[in-house]
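A closer look at the structure
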Amino acid sequence: MKRSTNQEKFLDTLIRLNTKIEELGKINILNNHIYSEYFFRDLLNIVYGYSLENAPAFDLIDNTNKIIIQVTATCKKQKIEDTLKKEYLTNKMEEGYRLKFIFIGNQNNNIKNKNFSNPHNILFDSKKDIILTQDLCEEFLNLNINKQDHAIELLKKELSPLLFEDSLSYLKEEFINEKLEFNISNLASRYTANNDVD
């Protein structure tokens, strides 16, 4: 079934992305975190029907649905509480905004069960407002096929050639044989029986 195929592609691609972000973070290469804000802006707009835009202080903001989203690879209580302490949240709390977090890279499923200090009382419920890969996949499964295809197309455009499954066709046997034959034909004129290449 198409829905099953889409779900598998979606999950596999996000797992690959998380692994890459986590491994690069270990060696302090963080440029993918910046680009992830743009990618997740578009993905969340498709999957959740948001109208998110990039916003320097918040990462992402949806002024229509009154949602602020922090995109972060640090899936820890301290990260959430540091954000909840920020003074600039006071105005957004008064305007009725809800704060959400999307965690990229390492996934910590226990994070939703913790209690958090929320000094500005901005709308925030850890069970609903922390988005992990599993949450994205569950929401994706509920989308109609056209929206799923739209999300898959985004994955393909943003994450090819190395992370999106279909792009792995460059490792298929036909592709490898074709490249090998091409390289052999190019080398044949330089390496004949008369040319000894030990």
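Here is what the cut-offs are and how they apply
- Position numbers for residues count from 1 along each chain, tracking the sequence in the order it is written.
- A pLDDT threshold of at least 70 governs which residues receive local features in this predicted model, and a stricter bar of 80 or more applies before side-chain atom pairs are shown or counted, although totals over entire chains, interfaces and linings include all residues.
- Side-chain descriptors were evaluated using all non-hydrogen atoms of the structure, hydrogens and water having been removed beforehand.
- Helical segments are the DSSP runs of H or I of at least four residues, strand segments are the runs of E of at least two, and each set is numbered from the N terminus.
- For the exposure calls, accessible area comes from a 1.4 Å probe over protein chains only, and a residue counts as buried if that area is under 20% of its type's maximum, exposed if over 50%, partly exposed in between.
- By this rule the span expected of a helix is its residue count minus one, scaled by 1.5 Å.
- Note: the arc covers the axis-to-C-beta directions of the helix.
- Contacts described as polar in this section are N or O atom pairs within 3.5 Å, which, within protein, must combine one atom able to donate a hydrogen with one able to accept it, while residues neighboring in sequence count only if both atoms come from side chains.
- Salt bridges are counted wherever a side-chain nitrogen of Lys or Arg sits within 4 Å of a carboxyl oxygen of Asp or Glu.

Of all residues except glycine, most have a negative phi; of all peptide bonds, most are trans. Located in the positive-phi region is Asp59, a residue other than glycine, with phi close to 80 degrees. You can see Asp59 is positioned in strand β2 (residues 59-62). The phi dihedral of Lys66 is positive, around 55 degrees, even though this residue is not glycine. Secondary-structure assignment places Lys66 in the loop between β2 and β3 (67-72). Of the residues examined, Lys66 reaches a relative accessible area of 35% and is grouped as partly exposed.

Attention now moves to helix α7 (residues 145-159). The end-to-end C-alpha distance of α7 is 20 Å, a good match for the 21 Å that 15 residues give at a rise of 1.5 Å each. Among the residues of α7, those classed as buried are Gln148, Ala151, Ile152, Leu154, Leu155 and Leu159. The arc that holds the buried residues of α7, viewed along the axis, is 155 degrees, so those residues lie on one side. Exposed residues on α7 whose side chains face more than 90 degrees from its buried face are Asn146 and Lys157. Backbone nitrogen of Asn146 and a side-chain oxygen of the N-cap are separated by 3.0 Å at the start of α7; the cap is Asn144.

For the structure on display, the rule yields seven salt bridges. Residues Asp149 and Lys2 are paired through a salt bridge, measuring 3.2 Å at the closest nitrogen-oxygen approach. Pair noted here: Asp149 is in helix α7 and Lys2 is in helix α1 (residues 2-26), with a separation of 147 residues, a long-range link. The partly exposed category is assigned to Asp149, whose relative accessible area is 27%. Classification of Lys2 by relative accessible area gives partly exposed; the value is 46%.

As far as function goes, none of this settles anything; it's purely spatial.
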